[in-house]
Amino acid sequence: MYRLLLRLLSLGVVWIAVARGEDGYRLWLRYDPVTDEAKRREYAAAITEIVLPTTAPTRAERGAMRPAFAARDELLAGIRDLILLVANRDIGLLYGAFALLREIQLHRSLTNMNLVSAPRIQRRVLNHWDNLNRIAERGYAGQSLWEWFQLPDYVNPRYRDYARACASIGINGAVLNNVNADALILTAPYLQKVSALAGVFRPYGVRVYLSARFSAPVEIGGLKTADPLDPAVAKWWQDKAAEIYRVIPDFGGFLVKANSEGQPGPQSYGRTHADGANLIADALAPYGGIVMWRAFVYDDGVPDDRAKQAYNEFQPLDGKFHSNVIVQIKNGPIDFMPREPFHPLFGAMPHTPLALEVQITQEYLGASTQLAYLGPLFKECMDADTFRNGPGTTVAKIVDGSQDLHGISAIAGVANIGTDRNWCGHPLAAANWYVYGRLAWDHTLGADAIAEEWVRQTFANDPRVVKPVTAMLLASREAVVDYSMPRGLHHIMAEGHHYGPGPWVDGARRADWNSVYYHRADAIGLGFDRTSKGSNALAQYAPEVARRWSDLATCPDELLLWFHHVPWDYRMRSGATLWDELGRHYQSGVDAVRSWEKTWDVLADLIDEERFYHVQALLRRQERDAREWRDACLQYFQTFSHLSLPAGVEAPEHPLDYYRAHTLHFVPGSSSIK
Ligand code: BDP
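Residues numbered from 1 in each chain as written. Predicted model: local features only at pLDDT ≥ 70, side-chain atom pairs only at ≥ 80, totals over all residues. Heavy atoms only, no water.

## A few points about the pairing of strand S6 (residues 207-211)
Point 1. The element S6 is extensively covered by neighbouring structure, given that four of its five residues are classed as buried.
Point 2. Note that strand S5 (residues 173-175) and S6 share three bridges and pair parallel. Bridge assignment links Val 175 to a residue of S6, and that residue is Tyr 209.
Point 3. Assessed by its sense of winding, the connection that carries the chain from S5 through helix H5 (residues 188-201) to S6 is right-handed.
Point 4. Taken together, the three bridges between S6 and strand S7 (residues 253-256) define a ladder with parallel strand orientation. Bridge assignment links Tyr 209 to a residue of S7, and that residue is Gly 253. (Buried < 20%, exposed > 50% of the residue type's maximum accessible area, 1.4 Å probe, protein only. Helix = DSSP H or I, 4+ residues; strand = E, 2+ residues; numbered from the N terminus. Pairing = 2+ DSSP bridges. Right-handed = clockwise from strand over helix to strand, strands pointing away.)

The structure is reproduced here in structure tokens:
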């Protein structure tokens, strides 16, 4: 049986704790010396010896070892007190080692420890929206980590630290390039570069995947067509797969964005998404690779509610995908808004494995300039009940495969990582990378417990730090919703870069790129009617869900304006009118940020100077940004409601015209040159 006591050193897990400034580089893996004397003694007693695996597990033992790892404090043969780390695969030992290190960093007792754990979702993947020119689309933490020009000659040691951080929270896959893909990544020189990265990641159990451009056979293959039913096209993908697996034997597969926002796809040839996905999946099948085919589509030609379009295109294809295709669906039906209802496709494709895609990078939640801990957002979707097979058919159960027992399961998080020294830009934004990984491993964990874990490991175990910082994290997502898009409002941000308010946006080329399309403010009220009297998007949900959300009396307040066009004087559950309640939410979002500024200031002596100052400055900026959202949106909506600002809402700093004219330049994450 594989047994070991802290094979950590041989796995290269332990970072030597060198005294240096706290610049955030070490993330949650700081491994600072334990200073508490009693704890030191206990750990020293527990961790004394390294026992390497000697014999392979017997079949019976393997059968008993379903979990990825187990760590136990045990009296072995009555002689020695040992911590045993047991796993059914080598990588499980690494996961177990990291779990043990987490326990130590959290200052938990190792006596009588009995940790047993297994991932619920098989493929726990980061999606890097990184372009080959190193601009990361919607990336707010510097450039792309991948130095394509220098690879494969120079392999930056940072890649290893990236892989370690991923492995420490169970992430086991990385799509290296943007979903708006450049076919160049599939050419031989780039595959050499990808292979070098794969070589660094391999010991950490992180497999590489690539975004494939559907028209690659034309662009780099010299074919006249990329028609999925053309035999020459099929042959091209087969040859390409063979070439890839020659250099990257454990290649994970392809992620494909097709017929969406101008990307090529099978529909360009009159074929379906299934035809396209199956073509590529068949090429990968002999090697065990998979295709993650995105359902993020909305068609300019169909004058229907954008929230309905993915369902319209994909639901009829249920059961038509080959077994190594997984359909990757964003958490909500529009686009990573601060709050969305769960995507209706999760409850509508029982014969197809479905992956959940969440956005770790904060495209619509203040980029890496504002604090927004996304654990509660991820959990909201995972725990949502689709009612597909009666109550309890949650999105998480569909995604982890326990509901339908598909062969593959996957989850994808759009990464927020870049070349910034602290990896994620905002010193508190790495919490989102962390919570994504932890929930991908086990979605039953609480967003609150994970936030606390992260704070303890990233800052300190001192309760004077842990309590207030955890509380800030936990309140942050809702505060961002409040000051930007409360009560179900969505897609009212500035155009292009998406930073800050833009409820007035109405000149974009496509109707559904305009804010006015989504909020529908008029003299009567506010909100998008998606009931049977409106777009009827609600019909895409199970009857239990549709009934609840269709009825104003049972629709949750926080989704009200997503599903209903509501009069300004409508009485909300609170007793306030819609207009007054809207005002209160905008104000309370601002107030929340102000309260964090105070909380943070108290921590001056408890947090290192570098990170203290950085967060302090960003909170100041966030307060200003929150006020801008409030003042811009309320004054804009006031032009429809003709009501005075609700009591308790501060007077705006500037008139509406000021905000409409306020232009930001060079916003990170945006490819625009202005
Ligand atoms: C939107 C982003 C855009 C992405 C697109 C996608 O604005 O940059 O390309 O999603 O997910 O949120 O494909």
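And the narrative resumes.
## Observations regarding the pairing of strand S11 (residues 410-414)
A regular strand places its side chains on the two faces of the sheet in alternate fashion.
Point 1. Most of S11 is tucked away: five of the five residues are buried.
Point 2. By the alternation rule, side chains of S11 split into Ala 410, Ala 412 and Val 414 and Ile 411 and Gly 413, which are all buried.

## Details of the site of the ligand
Point 1. As a matter of local geometry, the ligand sits amid 14 residues, with Glu 137, Lys 257, Arg 294, Asp 335 and Glu 363 nearest to it.
Point 2. Here an oxygen atom of the ligand sits 3.4 Å away from a polar atom, N or O, in the side chain of Tyr 364.
Point 3. Partitioned by chemical class, the residues of the shell around the ligand number four nonpolar, two polar and eight charged. (Near = heavy atom within 4 Å. Polar contact = N/O pair within 3.5 Å; in protein donor to acceptor, adjacent residues only side chain to side chain. Nonpolar A, V, L, I, M, F, W, Y, C, P; charged D, E, K, R; others polar.)

## Remarks on the packing of helix H14 (residues 463-484) against helix H18 (residues 578-602)
Point 1. The geometry of H14 relative to H18 is characterised by a closest axis approach of 8 Å and an angle of 155° between their N-to-C directions. Between H14 and H18, the angle is such that the two are roughly antiparallel. Of the two possible hands of crossing, H14 and H18 adopt the one that is left-handed. On the side of H14, the interface is formed by Pro 468, Val 469, Met 472, Ala 475, Ser 476, Ala 479, Asp 482, Tyr 483 and Ser 484, while H18 contributes His 585, Tyr 586, Ser 588, Gly 589, Val 590, Ala 592, Val 593, Trp 596, Thr 599 and Trp 600.
Point 2. Tallied by class, the residues present in the contact of H14 with H18 amount to twelve nonpolar, six polar and one charged. (Axes fitted to C-alpha atoms, helices over the stretch in contact; angles between N-to-C directions. Parallel < 35°, antiparallel > 145°, perpendicular 65-115°, else oblique. Left-handed = near helix turned anticlockwise from the far one by under 90°. Contact = heavy atoms within 4.5 Å.)

## Let's talk about the pattern of salt bridges
Point 1. On inspection of all chains with the given rule, the structure shows 42 salt bridges.
Point 2. The shortest N-O distance in the salt bridge between Asp 557 and Arg 487 comes to 4.0 Å. Here Asp 557 is found in the loop between helix H16 (543-550) and helix H17 (560-563), whereas its partner Arg 487 is found in the loop between H14 and helix H15 (515-519), with 70 residues between them in sequence. Here Asp 557 matches Arg 487 in class, with each residue buried.
Point 3. Between Arg 611 and Asp 608 there is a salt bridge, and its shortest N-O distance comes to 2.9 Å. (Salt bridge = Lys/Arg side-chain N within 4 Å of Asp/Glu carboxyl O.)

## Considering the nonpolar core
Point 1. Residues Tyr 162, Phe 201, Trp 237, Phe 254, Trp 433 and Phe 637 are the most contacted members of the largest nonpolar core, which totals 202 residues.
Point 2. Ranked by residue count, the leading element in this core is helix H19 (residues 609-641), at ten residues.
Point 3. Beyond its immediate chain neighbours, meaning those up to four positions away, Phe 254 contacts Leu 186, Leu 210, Ala 212, Trp 237, Ile 244, Ile 280, Leu 284, Ile 290, Val 291 and Met 292.
Point 4. Judged by nonpolar contacts, the second largest core, of nine residues, contains Ala 71, Leu 85, Ala 97 and Leu 110. (Core = buried A, V, L, I, M, F, W, Y, C linked by side-chain atoms within 4.5 Å.)

## Some words on the side chain of His 273
Point 1. Summarising the element assignment, His 273 is placed in helix H8 (residues 273-284).
Point 2. On the basis of relative accessibility, which here comes to 1%, the residue His 273 falls in the buried class.
Point 3. Polar contacts involving the side chain of His 273 include one to the side chain of Glu 313, which spans 2.8 Å.
Point 4. Residues within four places of His 273 in sequence aside, it is in contact with Ala 258, Asn 259, Pro 266, Gln 267, Trp 293, Val 297, Glu 313, Phe 314, Leu 317 and Phe 321.

## Looking at the confidence of the model for the chain
Low pLDDT means the predicted coordinates in that region are not meant to be read closely.
Point 1. Averaged over all residues, the pLDDT of the chain is 92; the fraction at 70 or higher stands at 91%.
Point 2. Mean pLDDT values for the elements of the chain range from 47 in helix H2 (residues 59-64) up to 99 in S5.
Point 3. Low pLDDT (under 50) marks residues 1-20, which in the prediction has 67 contacts with non-local residues, meaning those over four places away or in another chain.
Point 4. Confidence drops under a pLDDT of 50 for residues 49-59, and excluding neighbours within four residues, the segment shows 22 contacts in the predicted structure. (pLDDT = per-residue confidence, 0-100.)

## Points about empty space enclosed by the protein
Point 1. Within this structure, the stated rule accounts for eight cavities of 30 Å³ or more.
Point 2. A volume near 90 Å³ is recorded for the largest cavity.
Point 3. Elements with a contribution of two residues or more to the lining of the largest cavity: helix H9 (306-314) and strand S9 (325-330).
Point 4. Considered class by class, the residues forming the lining of the largest cavity number eight nonpolar, two polar and two charged. (1 Å grid on protein atoms, 1.4 Å probe; cavity = no way out; pocket = protein on both sides within 12 Å on 5 of 7 lines; lining within 4 Å. Points joined across faces, edges and corners; volume = space filled by probe spheres on them.)

## Topic: the environment of Ala 410
Point 1. Locating Ala 410 in the fold gives a position in strand S11.
Point 2. Given the relative accessible area of 1%, Ala 410 is considered buried.
Point 3. Residues Ala 410 and Val 125, spaced 285 residues apart in sequence, show a C-alpha to C-alpha distance of 7.3 Å.
Point 4. Not counting residues within four places of it along the chain, the set of residues in contact with Ala 410 comprises Ile 121, Arg 123, Ile 326, Leu 354, Ala 355, Leu 356 and Val 399.

## Topic: the packing of aromatic side chains
Point 1. Evaluation of the coordinates by the stated rule reveals 35 aromatic pairs.
Point 2. With a centroid separation of 4.5 Å and an interplanar angle of 10°, the aromatic rings of Tyr 245 and Tyr 287 are classed as stacked. Linking Tyr 245 in helix H7 (residues 231-247) with Tyr 287 in the loop between H8 and strand S8 (290-294), this pair joins segments that are 42 residues apart in sequence.
Point 3. Taking the centre distance of 5.7 Å and the plane angle of 85° together, the rings of Trp 568 and Trp 579 count as edge-to-face. Of this pair, Trp 568 sits in the loop between strand S13 (566-567) and H18 while Trp 579 is found in helix H18, placing the two residues eleven residues apart along the sequence. (Phe/Tyr/Trp six-rings, centres within 6.5 Å; stacked < 30°, edge-to-face > 60°.)

## Regarding the state of the cysteines
Point 1. Going through the model one piece at a time under the given rule, you end up with zero disulfides.
Point 2. Among the cysteines around Cys 166, which has no disulfide bond, Cys 424 carries the closest sulfur, lying 10 Å off.
Point 3. According to the relative accessible area criterion, Cys 424 is buried, its value standing at 0%. (Disulfide = S-S within 2.5 Å.)

## Comments concerning the side chain of Ser 641
Point 1. Note that Ser 641 resides in helix H19.
Point 2. Ser 641 sits in the buried class, given a relative accessible area of 10%.

## What about unusual backbone geometry?
Point 1. Going from Leu 151 to Pro 152, the amide bond is cis rather than trans, its omega being 0°.
Point 2. The phi torsion at Asn 536 lies on the positive side, around 60°, for a residue other than glycine.

## Observations concerning H8
Point 1. For H8, which comprises twelve residues, the first-to-last C-alpha distance of 17 Å matches the rise-based estimate of 16 Å (1.5 Å per residue) to within 8%.
Point 2. All buried positions along H8 are accounted for by His 273, Ala 274, Gly 276, Ala 277, Asn 278, Leu 279, Ile 280, Ala 281, Ala 283 and Leu 284.
Point 3. Along its buried surface, H8 packs onto H7, S7, S8, H9 and S9.
Point 4. Its side-chain oxygen 3.2 Å from the backbone nitrogen of Ala 274, Thr 272 forms the N-cap of H8. (Expected span 1.5 Å × (residues − 1).)

## Digging into the environment of Leu 100
Point 1. If you trace the backbone, Leu 100 turns up in helix H3 (residues 90-105).
Point 2. On the accessibility criterion, Leu 100 (1% relative accessible area) is buried.
Point 3. Expressed as a C-alpha distance, the spacing of Leu 100 and Ala 70, which sit 30 residues apart in the sequence, is 9.8 Å.

## Some thoughts on the sheet that holds strand S4 (residues 123-127)
Hydrogen bonding along the main chain pairs the strands of a sheet, whether they run parallel or antiparallel.
Point 1. Reading around the barrel, the eight strands line up as S4-S5-S6-S7-S8-S9-S10-S11 and close back on themselves, with parallel pairing between neighbours. Each strand of the sheet is rotated relative to its neighbour by a mean of 25°, with strand direction disregarded.
Point 2. Together, S7, S8 and S9 form the strand contacts of H8, whose direction differs from that of S8 by roughly 160°.

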